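# Working through the structure, step by step
Residues per chain, in single letters:
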Amino acid sequence: MKQGMAAVLAMATVLVGVRAEEEPQPDAQVAKLIQEGLAAYKAGRHEEAIERLQRAIRIIQEAAAKGLASFLPPVAEGWTAGEPRLESGTWGAGKEALQWTQVSRRYQRASDGLKVEVAVSNAPMLVQGQLQALTHYQDPQRLRMFNRHPDRKITLLDQDGWKGWTLVEKGKRVQTFAIRESTLATLTVDRDDEKVRDTFWSGLDLKGIAAAGGSGK
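These numbers were taken from a predicted model, which means no experiment stands behind them. (Residues numbered from 1 in each chain as written. Predicted model: local features only at pLDDT ≥ 70, side-chain atom pairs only at ≥ 80, totals over all residues. Heavy atoms only, no water.)

Looking only at helices and strands, the protein chain has seven helices and eight strands in total. When the 217 residues of the protein chain are sorted by exposure, 38% land in the buried category. Pairs at least 24 apart in sequence give 48% of the contacts found in the protein chain among residues at least 6 apart. (Helix = DSSP H or I, 4+ residues; strand = E, 2+ residues; numbered from the N terminus. Buried < 20%, exposed > 50% of the residue type's maximum accessible area, 1.4 Å probe, protein only. Contact = heavy atoms within 4.5 Å.)

Okay, here's the thing in structure tokens:
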């Protein structure tokens, strides 16, 4: 228990240090929660310490998700967009638990109502699922079989360290899935308009996302 608690304290302290370098303000609330968690831990109040540190990590997750939102495509002329949607949580339990964050945004073209959704996530359940699909499509024989269907086409993607695929479903939609280490980027156009897909994909800052996730080398 003590070893696990020490690891959580170390991780939280490092995260606050990173945030302090990025922003001259805050996070006073985060620092206060970590101090309270440390005091509770030293006093043997482990449940209280965990609660304080979990609250601090949630605040840091929200800040990280807001940072990721800046890498999403800009709102072009003739388009509208809602505010970026931020989500975070924990996957797994105990020593295997992992924190995850996700940011997404929906865009709509004023002229005809066409919709686009772009999302960036490091949620393990999503990343692992798409990694399995990518392995499937990377098999040349399977890819050829899939592309025999007249109304769908898959094209593999390899860009700036990201690997994935684009699926075009005739008369329905276009989707792109790309993975780099533990991060997944997705783009969905609700019609089979590949030009719109290309425009939004080029507006997604893949290098910035990779750098923010620690995989920008």
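One pass over the structure, following the stated rule, counts 13 salt bridges. Across the pair Glu-51 and Arg-52 runs a salt bridge whose closest N-O atoms are separated by 2.5 Å. With a closest N to O distance of 3.0 Å, Asp-112 and Arg-191 form a salt bridge. Here the residue Asp-112 occupies a position in the loop between strand S3 (98-109) and strand S4 (115-121), and Arg-191 occupies one in the loop between strand S8 (183-189) and helix H6 (194-203), the gap between them amounting to 79 residues. Here the residues in one salt-bridge network are Lys-32, Glu-36, Arg-45, Glu-48, Glu-51 and Arg-52, joined through shared partners. (Salt bridge = Lys/Arg side-chain N within 4 Å of Asp/Glu carboxyl O.)

A separate point is the layout of surface pockets. When its volume is computed, the second largest pocket comes out at roughly 200 Å³. Lining the second largest pocket we find Gln-102, Glu-117, Ala-119, Ser-121, Leu-126, Gln-130, Gln-175, Phe-177, Leu-184, Thr-186 and Thr-188. Listed by contribution, the elements that provide at least two residues to the lining of the second largest pocket are S4, helix H4 (124-137), strand S7 (173-180) and S8. Partitioning the lining of the second largest pocket into residue classes produces four nonpolar, six polar and one charged. (1 Å grid on protein atoms, 1.4 Å probe; cavity = no way out; pocket = protein on both sides within 12 Å on 5 of 7 lines; lining within 4 Å. Points joined across faces, edges and corners; volume = space filled by probe spheres on them. Nonpolar A, V, L, I, M, F, W, Y, C, P; charged D, E, K, R; others polar.)

Here the focus is helix H2 (residues 28-42). Residues three or four positions apart in an α-helix share a direction because the helix packs 3.6 residues into each turn. With 15 residues, H2 extends 21 Å between its outermost C-alpha atoms, agreeing within 8% with the 21 Å of an ideal straight helix rising 1.5 Å per residue. For H2, the complete set of buried residues consists of Val-30, Leu-33, Ile-34, Gly-37, Ala-40 and Tyr-41. An end-on view of H2 places all buried positions within 125° of arc, on one side of the element. The outward face of H2, more than 90 degrees from its buried face, is lined by the exposed residues Ala-28, Gln-35 and Lys-42. Gly-44, located one to two residues past H2, shows a positive phi value of around 85°. (Expected span 1.5 Å × (residues − 1). Arc of directions from axis to C-beta.)

The full count for this structure, using the stated rule, is five aromatic pairs. Where Tyr-107 meets Phe-200, the ring centres are 4.9 Å apart and the plane angle is 70°; that geometry is what we call edge-to-face. Pair noted here: Tyr-107 is in strand S3 and Phe-200 is in helix H6, with a separation of 93 residues, a long-range link. According to the relative accessible area criterion, Tyr-107 is buried, its value standing at 1%. Here a set of aromatic residues connected by ring pairs shows up, and it is made of Tyr-137, Phe-146, Trp-165 and Phe-177. Lying across the ring of Phe-146, Arg-152 places its NZ or CZ 4.0 Å from the centre. (Phe/Tyr/Trp six-rings, centres within 6.5 Å; stacked < 30°, edge-to-face > 60°. Lys NZ or Arg CZ within 6 Å of the ring centre and 35° of its normal.)

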